[in-house]
Amino acid sequence: MANKDHTDPVRMEKIVSLCKRRGFIFQSGELYGGLNGCWDYGPLGAELKRNLKDYWWRKTVQERDDVLGMDGSILTMQQVLKASGHLDGFSDPMCDCLLSKARLRADQIEPQDGTAVWYSGARHEASGWSTDRPFAVLVPAGKDADSARKTARRFYGEFMPDKKVSPKELELLEDKREELTGTTRFNPENGSLLTEPREFNLMFKTAIGASADENDPNATAYLRPETAQSIFVQYKNVLDSNRIKLPFGIAQVGKSFRNEINPRNYTFRSREFEQMEIEFFCRPEDGLRLTDEWLESRLTFYEEVGIPREKLHILDVPDGERAHYSEKTYDIEYEFPFGVQELEGVAYRTNYDLSKHEKHSGRPLEYFDEETKEKFIPHVVEPSAGCDRTVLAMICEAFDEEEITNEKGKTETRTVMHFAPRMAPIKVGIFPLLKKNEEQVRLCREIQNTLQPWMTVFYDDGGAVGRRYRRQDEVGTPFCITVDFDTIGENGPELEGTVTVRHRDSMEQERLPIDGLLAWLLERIR
């Protein structure tokens, strides 16, 4: 549940607005009213997300000798999820609002204090209609308990056969009033009583084949709820097909799906999301040490993608709150504008997963240590990061509004995204000072052609240069190159062949030779 001490809803509204206006993120299916809990990444969002995934892969797989990559299928056999426990236990407690029919996660309802007004039913004397349905309304502390009547009449009015009768005409049968402290039985939005919680399985189920039989276990599959299980199932194949010894890891980036009861907080909690996950296999005695090492490695990674350590919180999940198979779990949390929430979990899962799959499959998954001649099932440390959550954290961290003085001496607000250069969707903006000057345009296009194989660039010749700078600031472009009259030698030979490079964060400018641009930029965006 979010820490309310770090909330800034106004800032979050501005971020959401910018993301749509500039093409970072769109509501999925918006043309038809939108698909709740699903999001589409626009041109800039797709670049930002790709940069994050590519950098994660580079730091996790490419630059390490002890981690291999894989890409598992999204459709998952029923037997795999039976063994992992997802089929029987992957659920959340759900309850319904009796008034609005909204569905809420019972374990995420904020405790409330107030007066509960209970009704045994209602009637309409003129028509002879009555109902004995029980209902209750929670009136917050400090408010008149009689205000519950309006909510109760709305509830009972739904059952009136004659919809022309106003709910105001109903006679309510009040049963009792009681003072409650810390109750979670009522909807915080409207005070209505909720149904008793019931378990709701979060997995999306589907059928395999055109003539699939519901009773055939081989015909039933699920969209995977996490990327981890395909790694565990393929662990032995990866081990046997590669010359690798413990400790070693298998990394995967991919989509997962959970039928969330209440998607919320923009892209933070969605029904379709992407994970960046490592299962690091090790000897039992190394598990706790490696968990601490991976935690430090992951904190360094977040700093490198533009999320400072001072904005991250490390939660050492206590006994009783960890998953039953975990001996140690750290949650890495970030201060989002809607509260402190989890970005990544680093969990020591012991040998739980491989043991379960060995038992259910009947196939040996032991590791043979050639030096000690031991056979054992490896233990696992799992750093599991949310890709979409990290993208959102980078956007929230980058967003800024600065008061600056423009060239006319007037104060204006500059909206700027301070992305780490290696994460920025566009690395360089390229401008001719005068779009009618053919030589300036030609040189801009040459620079564009030189840089494009190495990075994403954007050519812009519309409007004053200052306005072009502002447009690039708003999408987080760290550098802008301007080809001007000095570049083409019209103001003398001293600066011929050089361009102005403007820095996004400081707004300072420097001149660099055209032939040195690529090396200079690569040094700063890698």
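Figured I'd write up the structure that's included with this text. This one's a predicted model, so the numbers in the text were calculated from it and none came from an experiment. (Residues numbered from 1 in each chain as written. Predicted model: local features only at pLDDT ≥ 70, side-chain atom pairs only at ≥ 80, totals over all residues. Heavy atoms only, no water.)

### Some details on the sheet that holds strand S26 (residues 457-459)
Pairing is mixed across the open sheet formed by five strands, whose spatial order is S26-S25-S27-S28-S29. Each edge of the open sheet carries a strand with a single partner, namely S26 and strand S29 (509-513). Pairwise comparison of adjacent strand axes, ignoring direction, gives a mean angle of 25 degrees for this sheet. Two strands pair when backbone bridges link them, and strand S25 (residues 428-432) and strand S27 (residues 479-483) are joined in this way by five bridges, in the parallel orientation. Residue pairing in the sheet places Pro432 in a bridge with Val483 of S27. (Pairing = 2+ DSSP bridges. Helix = DSSP H or I, 4+ residues; strand = E, 2+ residues; numbered from the N terminus. Axes fitted to C-alpha atoms, helices over the stretch in contact; angles between N-to-C directions.)

### Things to note about the pairing of strand S8 (residues 112-124)
Counting buried residues along S8, 10 of its 13 residues qualify, which places the element largely inside the surrounding structure. Relative to strand S11 (residues 171-183), S8 runs antiparallel, the two being bridged by 10 bridges. Bridging from a neighbouring strand, Val117 pairs with Arg177 of S11. Pairing analysis gives six bridges linking S8 to strand S10 (residues 135-140), with the strands arranged antiparallel. Opposite Ala116, over in S10, you have Leu138 as the bridge partner. The pairing of S8 with strand S9 (residues 129-131) spans three bridges and is antiparallel. When the sheet's bridge partners are listed, Arg123 is paired in S9 with Ser130. (Buried < 20%, exposed > 50% of the residue type's maximum accessible area, 1.4 Å probe, protein only.)

### Observations regarding the nonpolar core
In terms of nonpolar packing, the biggest core is built from 57 residues, with Phe24, Leu52, Tyr302, Val305, Ile307, Phe336 and Ile395 touching the most fellow members. Counting residues per element, this core draws most heavily on helix H9 (residues 387-398), which supplies eight residues. Apart from residues no more than four positions distant in its own chain, Leu52 is found in contact with Met276, Phe301, Val305, Cys387, Thr390, Val391, Met394 and Met423. Core analysis: the next-biggest nonpolar cluster, separate from the first, contains 29 residues, Phe135, Leu138, Tyr156 and Met160 among them. (Core = buried A, V, L, I, M, F, W, Y, C linked by side-chain atoms within 4.5 Å. Contact = heavy atoms within 4.5 Å.)

### So, the packing of aromatic side chains
In this structure the tally under the stated criterion is 23 aromatic pairs. Ring plane angle 10 degrees and centroid distance 4.8 Å describe the contact between Phe336 and Phe338, whose orientation is recorded as stacked. Phe338 shares its class with Phe336; the two are buried. Taken together through their ring pairs, the aromatic side chains of Phe135, Phe155, Tyr156 and Phe159 make up a single cluster. The ring of Phe268 has Arg389 lying over it, and the distance from NZ or CZ to the ring centre is 3.8 Å. The ring of Tyr459 has Arg445 lying over it, and the distance from NZ or CZ to the ring centre is 3.6 Å. (Phe/Tyr/Trp six-rings, centres within 6.5 Å; stacked < 30°, edge-to-face > 60°. Lys NZ or Arg CZ within 6 Å of the ring centre and 35° of its normal.)

### Description of the pattern of salt bridges
Two side chains of opposite charge can pair, provided their charged atoms sit close to one another. With the rule as written, the count across this model stands at 46 salt bridges. Residue Glu274 is joined to Lys53 by a salt bridge in which the shortest nitrogen-to-oxygen separation is 3.1 Å. Taken together, the residues Glu274 in strand S16 (residues 272-282) and Lys53 in helix H2 (residues 43-62) connect sequence positions 221 residues apart. In this structure Lys53 comes out as partly exposed when scored by relative accessible area, which is 23%. In this structure, Arg309 and Glu296 form a salt bridge, with 3.0 Å as the shortest nitrogen-oxygen distance. Residue Arg309 is found in the loop between helix H7 (287-304) and strand S17 (312-316), and its partner Glu296 is found in helix H7; the two are separated by 13 residues along the sequence. In this structure Arg309 comes out as partly exposed when scored by relative accessible area, which is 29%. (Salt bridge = Lys/Arg side-chain N within 4 Å of Asp/Glu carboxyl O.)

### As for the packing of H2 against H9
Between H2 and H9, whose axes approach to 10 Å, the crossing angle comes to 115 degrees. When you trace H2 past H9, the crossing you get is right-handed. On H9, the residues that touch Leu48, Lys49, Leu52 and Lys53 of H2 are Cys387, Asp388, Thr390, Val391, Met394 and Ile395. By residue class, the composition of the contact of H2 with H9 is six nonpolar, one polar and three charged. (Left-handed = near helix turned anticlockwise from the far one by under 90°. Nonpolar A, V, L, I, M, F, W, Y, C, P; charged D, E, K, R; others polar.)

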